[in-house]
Amino acid sequence: MARKRHSDEDVLKLMREIELKLSAGSDVVSACRSVGISDATYYNWRKRFGGVGRSQLSEMKNLEKENARLKKIVAELELDKLILKGSLNHLKPRA
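Residue positions are counted from 1 within each chain, in the order its sequence is given. It should be noted that, the model being predicted, local features are given only for residues of pLDDT at least 70 and side-chain atom pairs only at 80 or more, the latter also being counted only at that level, while totals for whole chains, interfaces and linings use all residues. Side-chain metrics rest on all non-hydrogen atoms present in the structure, leaving aside hydrogens and water.

## What about the pattern of salt bridges?
Reasoning step 1: Any Lys or Arg side-chain nitrogen located within 4 Å of an Asp or Glu carboxyl oxygen qualifies as a salt bridge. Throughout the structure, instances matching the rule amount to two salt bridges.
Reasoning step 2: Here K61 makes a salt bridge to E9, at a shortest N to O gap of 3.0 Å. Separated by 52 residues along the polypeptide, K61 in helix α4 (residues 54-91) and E9 in helix α1 (residues 8-23) bring together distant segments of the chain.
Reasoning step 3: Given a relative accessible area of 37%, E9 falls into the partly exposed group.
Reasoning step 4: A salt bridge links R69 to E66; the shortest N-O distance between them is 2.8 Å. Pair noted here: R69 and E66 are both in helix α4, with a separation of three residues, about one helical turn.
Reasoning step 5: Throughout this description, buried means an accessible area under 20% of the type-specific maximum (1.4 Å probe, protein chains only), exposed means over 50%, and partly exposed covers the range between. Of the residues examined, R69 reaches a relative accessible area of 44% and is grouped as partly exposed. Numbering of helices and strands starts at the N terminus; helices are DSSP runs of H or I of at least 4 residues and strands are runs of E of at least 2.

Next up, the structure:
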């Protein structure tokens, strides 16, 4: 089976379809195969997206973007700090 990337919205849609098939009495393996994913993929998605709605998904994406931005700022500040320490050591008088 070829590997296919699904967007988060597609994952939520497929999870909803699988849940409907499961509530109709189907088993997990056949419900997953009918939407074109493996049961292992279903369990991974359920662990990651279980109970997440569309509004929570957009909020999670916004938080991930903000987190990446803040990590970049911290890395830049850490680099500036190291550069300043190096220049300070260079300027100290040697005894």
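## Some words on the confidence of the model for the chain
Reasoning step 1: Summary statistics for the chain give a mean pLDDT of 87 and a share of 96% for residues scoring 70 or more.
Reasoning step 2: Per-element confidence in the chain is highest for helix α2 (residues 28-35), whose mean pLDDT is 92, and lowest for α1, whose mean pLDDT is 88. Confidence of the predictor at the level of single residues is captured by pLDDT, which takes values from 0 to 100.

## Quick word on the environment of L70
Reasoning step 1: Of note, L70 is situated in helix α4.
Reasoning step 2: In this structure L70 comes out as partly exposed when scored by relative accessible area, which is 39%.
Reasoning step 3: In sequence terms L70 and S26 are 44 residues apart; their C-alpha atoms lie 45 Å from each other.

## Let's talk about the nonpolar core
Reasoning step 1: Joining through side-chain atoms within 4.5 Å is the link that ties buried Ala, Val, Leu, Ile, Met, Phe, Trp, Tyr and Cys residues into a set, and such a set is a nonpolar core. Membership of the largest hydrophobic core comes to 13 residues, with the highest contact counts inside it found for I18, I37, Y42, W45 and F49.
Reasoning step 2: Elements represented by at least two residues in this core include exactly α1, α2 and α3 (39-49).
Reasoning step 3: Top element by residues in this core is α1. It accounts for five residues.
Reasoning step 4: Not counting residues within four places of it along the chain, the set of residues in contact with F49 comprises D8, V11, L12, L57 and M60. Note on definitions: a residue-residue contact is assigned when non-hydrogen atoms from the two residues lie within 4.5 Å.

## Regarding the side chain of S38
Reasoning step 1: Relative to the assigned elements, S38 resides in the loop between α2 and α3.
Reasoning step 2: By relative accessible area, S38 is classed as buried at 19%.
Reasoning step 3: For the purposes of these results, a polar contact is taken to be a pair of N or O atoms within 3.5 Å, where, inside protein, one atom must be able to donate a hydrogen and its partner to accept one; residues adjacent in sequence count only when each atom of the pair is a side-chain atom. Separated by 2.9 Å, the side chains of S38 and T41 make a polar contact.
Reasoning step 4: With residues near it in sequence (within four places) discarded, S38 still touches C32 and R33.

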